[in-house]
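Chain and residue survey
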Amino acid sequence: MNLELEGKRALVTGSSAGLGETIARLLAAEGARVVVHGRNEARTRAVAASIGADAVLGDLATDEGADEVAKVAGHVDILVNNAGAYPHHTWADATPGRWAQTYQTNVISGVRMIQRLVPGMRARGWGRIITIGGGLATQPIAGLPDYNASLAARHNLAVSLARELGGTGVTSNVVAPGAIRVAALETVFLHMARERGWGSTWEEIEPRVVNEVAPNDLGRFGRPEEVAAAVAYLASPLAAYVSGATLRVDGGAIRGV
Ligand SMILES: NC(=O)c1ccc[n+]([C@@H]2O[C@H](COP(=O)([O-])OP(=O)(O)OC[C@H]3O[C@@H](n4cnc5c(N)ncnc54)[C@H](OP(=O)(O)O)[C@@H]3O)[C@@H](O)[C@H]2O)c1
């Protein structure tokens, strides 16, 4: 299928690693002119160079960082708000300062890019905003309370934005991954598995982690490519009649209609 992304300019925030990197690679392979973004200069430039994309650096938890990213990115047709972090806080150690920092990094980061880039999309009468949310937005766990809540805020603001953009040619949607196998998450679970005696290789521990921590109908972690495919669809002109939607890519982890 031709996704008709040829020539569209796409900024994927947090594409120096993990899900964002895979999303950037797929959009570039589909013919989009991609801007790779991160804070780590070496990783960001390496990913960009490998796919012939532009690179931009900036901490989106700050106004200055967002200004720089928007300035270098310039005209953007497709904004993928993916940058974010999941620090391993518990209710006991998630201080108000940590809650505020998680909100800055995971929520206001995306709002900053929306405020800087959506006016141009509106003026041109075409645009796509895809927000990366997650299953914990609607089925929070005991741990990572500040992270769960930040995902809920992302889902909520993406739908509000869709309502705001009605009839403009610009859509706003959410892709909600379950547990996806990226290096950052693998490290967390390998550490947990060693502490619990579940084994030391990913192949040994994946079934245990899935059963105990992230149960889903398919019995495995998702792959970043499976999330990227959902983003590419929502970014394409083919998804013109989809706005305010949540597309779950979670192996059926979330129990709901
Ligand atoms: N992996 C999963 O299972 C999963 C599930 C649901 C949702 N998500 C969401 O998907 C997104 C990507 O997660 P991931 O697992 O791919 O994590 P990751 O591998 O750690 O990648 C995170 C990316 O975000 C960037 N980033 C973090 N804080 C930033 C900031 N303040 N300003 C600018 N960039 C920042 C990082 O850039 P640098 O490293 O260059 O600083 C990196 O490119 C996150 O928003 C996460 O909440 C992930």
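Going by the annotation in an unreviewed UniProt entry, the name recorded for the protein chain is SDR family oxidoreductase, with Nannocystis radixulma given as the source organism. As its UniProt record puts it under Sequence similarities (unreviewed entry), the protein chain is described as follows: "Belongs to the short-chain dehydrogenases/reductases (SDR) family."

With respect to empty space enclosed by the protein
Picture a little ball the size of a water molecule; that probe, rolled over the atoms, points out where space is still empty. Counting across every chain of the model gives one cavity of 30 Å³ or more. Elements with a minimum of two residues in the lining of the largest cavity: α4 (96–124) and α5 (145–164). For the lining of the largest cavity, the leading source of residues is α4, giving six residues. Residues that form the lining of the largest cavity fall into these classes: six nonpolar, seven polar and one charged.

Here we look at helix α8 (residues 224–235)
With 12 residues, α8 extends 16 Å from end C-alpha to end C-alpha; this agrees with the ideal 16 Å at 1.5 Å per step. For α8, the full list of buried residues reads Pro-224, Val-227, Ala-228, Ala-230, Val-231, Ala-232, Leu-234 and Ala-235.

A few points about the environment of Gly-18
With respect to the helices and strands, the residue Gly-18 is situated in helix α1 (residues 18–29). With 65 residues separating them along the chain, Gly-18 and Ala-83 place their C-alpha atoms 9.9 Å apart.

Remarks on the site of the ligand
Around the ligand sit 31 residues in total, of which Arg-39, Arg-43, Asn-82, Tyr-86 and Tyr-147 are the nearest. One nitrogen or oxygen atom from the main chain of Gly-178 is found 3.3 Å from an oxygen atom belonging to the ligand. In isolation the ligand exposes 890 Å². Once the protein is present, 92% of that is buried. Sorting the residues of the shell around the ligand by element identifies α1, β2 (33–38), α5 and α6 (183–196) as the ones contributing at least two each. Taken together, the residues that form the shell around the ligand break down as 14 nonpolar, 13 polar and four charged. Each of domain 1 (9–178 + 223–249) and domain 2 (181–221) accounts for three or more of the residues forming the shell around the ligand.

Quick notes on the rules
- Residues numbered from 1 in each chain as written.
- Predicted model: local features only at pLDDT ≥ 70, side-chain atom pairs only at ≥ 80, totals over all residues.
- Heavy atoms only, no water.
- UniProt positions renumbered as here; feature names shortened; annotations may be inferred.
- 1 Å grid on protein atoms, 1.4 Å probe; cavity = no way out; pocket = protein on both sides within 12 Å on 5 of 7 lines; lining within 4 Å.
- Points joined across faces, edges and corners; volume = space filled by probe spheres on them.
- Helix = DSSP H or I, 4+ residues; strand = E, 2+ residues; numbered from the N terminus.
- Nonpolar A, V, L, I, M, F, W, Y, C, P; charged D, E, K, R; others polar.
- Expected span 1.5 Å × (residues − 1).
- Buried < 20%, exposed > 50% of the residue type's maximum accessible area, 1.4 Å probe, protein only.
- Near = heavy atom within 4 Å.
- Polar contact = N/O pair within 3.5 Å; in protein donor to acceptor, adjacent residues only side chain to side chain.
- Areas by Shrake-Rupley, 256 points an atom, 1.4 Å probe, with all protein chains shown as cover.
- Domains from an automatic or database assignment.

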